[in-house]
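A look at the structure
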Amino acid sequence: MVKLIHTLADHDDDVNCCAFSSSLLATCSLDKTIRLYSLSDFSELPHSPLKSHTYAVHCCCFSASGHILASCSTDGTTVLWDTQNGQTLAVLEQPSGSPVRVCRFSPDSTCLVSGAADGTVVLWNAQSYKLHRCASVKDGSLVACAFSPNGNFFVTGSSCGDLTVWDDKMRCLHSEKAHDLGITCCDFSSQPVSGGEQGLQFFRLASCGQDCQIKIWVISFTHTLARIAEDQPKQFTEDWSEDDVSNWLCAQGLKDLVGIFKMNNIDGRELLNLTKESLADDLKIESLGLRSKVLRKIEELRTKMKTLSSEIPDEFICPITRELMKDPVIASDGYSYEKEAMENWISKKKRTSPMTNLVLPSVVLIPNRTLKMAIDRWLETHQK
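Calculation criteria
- Residues numbered from 1 in each chain as written.
- Predicted model: local features only at pLDDT ≥ 70, side-chain atom pairs only at ≥ 80, totals over all residues.
- Heavy atoms only, no water.
- Helix = DSSP H or I, 4+ residues; strand = E, 2+ residues; numbered from the N terminus.
- Buried < 20%, exposed > 50% of the residue type's maximum accessible area, 1.4 Å probe, protein only.
- Contact = heavy atoms within 4.5 Å.
- UniProt positions renumbered as here; feature names shortened; annotations may be inferred.
- Pairing = 2+ DSSP bridges.
- Axes fitted to C-alpha atoms, helices over the stretch in contact; angles between N-to-C directions.
- Salt bridge = Lys/Arg side-chain N within 4 Å of Asp/Glu carboxyl O.
- Polar contact = N/O pair within 3.5 Å; in protein donor to acceptor, adjacent residues only side chain to side chain.
- Core = buried A, V, L, I, M, F, W, Y, C linked by side-chain atoms within 4.5 Å.

If you look the chain up in an unreviewed UniProt entry, it shows as WD repeat, SAM and U-box domain-containing protein 1 from Phocoena sinus.

**Some details on the overall build of the chain**
When you go through the chain residue by residue, the secondary structure sums to 8 helices and 22 strands. Along the three orthogonal principal directions, the C-alpha set of the chain runs to about 85 × 50 × 40 Å. A total of 384 residues make up the chain; the buried ones form 43% of that total. Sequence-distant contacts in the chain: of pairs separated by 6 or more residues, those separated by 24 or more amount to 42%.

**With respect to helix 7 (residues 339-347)**
Of all the positions in helix 7, only Lys 339, Ala 341, Met 342, Glu 343 and Ile 346 are classed as buried. On its buried face, helix 7 is in contact with strand 12 (130-136), strand 20 (328-330) and strand 21 (336-338).

**Structural notes on the UniProt feature "repeat: WD" (unreviewed entry) in the chain**
Residues given the UniProt feature "repeat: WD" (unreviewed entry) here are residues 8-47, 50-91, 93-128 and 135-167. Between the C-alpha atoms that bound residues 8-47 the distance is 17 Å, and the span itself is 0% helix and 45% strand. Secondary structure across residues 50-91 comprises 0% helix and 57% strand; the distance between its end C-alpha atoms is 13 Å.

**Comments concerning the sheet that holds strand 9 (residues 100-105)**
What the 4 strands build is an open sheet, ordered 9-10-11-12; its pairing is antiparallel. At either margin of the open sheet sits one strand with a lone partner, and together these are strand 9 and strand 12. On average, each strand axis in the sheet is tilted by 20° relative to the strand beside it, whichever way the strands run. Relative to strand 11 (residues 120-125), strand 10 (residues 111-116) runs antiparallel, the two being bridged by 5 bridges. By the bridge assignment, Val 113 is partnered in strand 11 with Leu 123.

**Details of the pattern of salt bridges**
Applying the stated criterion across every chain, the model contains 5 salt bridges. Among the salt bridges present, the one from Lys 262 reaches Asp 243, with a minimum N-O distance of 2.7 Å. Here Lys 262 is found in helix 3 (residues 258-263), whereas its partner Asp 243 is found in helix 2 (residues 242-251), with 19 residues between them in sequence. Residue classification places Lys 262 among the partly exposed positions, given a relative accessible area of 36%. The exposure class assigned to Asp 243 is partly exposed, which follows from its relative accessible area of 46%.

**Some remarks on the side chain of Gln 94**
Here Gln 94 lies in the loop between strand 8 (88-93) and strand 9. Reaching out from Gln 94, the side chain makes a polar contact with the side chain of Thr 120 at a distance of 3.3 Å. Among residues more than four places away in sequence, those in contact with Gln 94 are Gly 76, Val 100, Ser 114, Gly 115, Ala 116, Thr 120, Val 121, Val 122 and Trp 124.

**Notes on the nonpolar core**
Ranked by size, the top nonpolar core spans 42 residues in total, and within it Leu 69, Leu 112, Val 121 and Phe 154 carry the most contacts. No other element matches strand 5 (residues 57-62), which puts 5 residues into this core.

**A short note on the pairing of strand 8**
Looking at chain direction, strand 7 (residues 77-82) and strand 8 are connected through 5 bridges and run antiparallel. Paired with Thr 77 across the two strands is Glu 93, which belongs to strand 8. Between strand 7 and the antiparallel strand that follows it, strand 8, lie 5 residues; Gly 86 among them carries a positive phi value of about 80°.

Structural data, given as structure tokens:
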């Protein structure tokens with residue numbers, strides 16, 4: 001049975017979106033406003049409507065607690081509101097200035113995603129209100145977004161029909177054409193799918209589009225998937241994890257030292273800094289012969305590192321860090337940089353180019369996949 005219990009008619013133009021919290025209903029409209037209603041009697045709150053946007057408001061969503069409401073607009077901003085008093089908490093400006101079509105909180109509300117008409121997608125820190133990561137899709141406007149129930153990844157949908165899976169570092173894990181005429185919405189089931197391999201979680205995702213179809217997807221997730229770039233073989237010792245160091249010790253016939261190294265949290269950087277004093281005093285390796293063998297093997301690694309570093313082509317070196325790039329991006333000055341280094345540069349409000357010192361036309365960073373492939377090929381060649 002379906003029964004209409006109330007009709008709200010306070011907006012002056014098309015209503016684009018509505019969202020529930022545990023006690024409120026929020027609506028947003030082409031009339032540039034957001035309205036808040038109490039669920040007890042559907043009366044409008046005293047501080048409603050909320051006015052800050054200068055153009056149409058496309059989407060709104062509540063944080064998990066319901067105390068914060070996010071709204072995004074054609075004016076290129078995403079505004080965070082205090083739902084208890086209607087005060088503006090923050091105005092988040094899309095780096096490109098493009099109209100923002102969709103916004104979504106992560107399940108724990110620590111992050112907020114905003115997607116724009118030019119394909120840029122921004123991951124914001126919803127507690128500090130700072131830009132955390134920025135990326136973009138190849139074609140179309142971003143019109144849909146959904147976080148997985150565990151918050152480890154999220155999905156965006158574009159007007160060109162592409163469905164893209166991102167991790168919390170804004171790395172593209174998967175992208176494919178889902179709907180021929182564009183995606184209109186997508187959402188995850190709140191419950192993971194049972195079964196499957198141990199340590200692997202499966203989530204159902206539904207997507208719908210202008211091709212008159214609704215598609216149900218199963219997305220699997222492991223920490224390996226989320227950190228796929230980090231799990232590739234590491235050529236540079238300083239990038240080794242503690243497990244990489246353990247594997248290296250075993251390969252050198254030093255398996256008996258694995259426990260000692262793990263107990264002291266020795267990763268690649270720490271390994272390269274070990275001395276005969278630290279091996280004896282800190283790691284308590286009593287055998288002089290064993291200490292000498294470890295030092296010889298470490299010296300071999302240092303020599304290899306120096307040789308490899310001297311051979312790195314200049315175009316593979318980040319102008320900021322002067323190190324081999326792992327995740328190269330193209331900035332609006334036309335130069336390529338290590339993604340994290342350039343993001344840190346921009347976050348410190350340096351709007352000038354590290355190379356030319358001229359003002360950057362935009363702070364949007366585009367993945368340089370061609371350069372990334374060239375670096376990977378070079379690494380493969382020099383690993384042999």
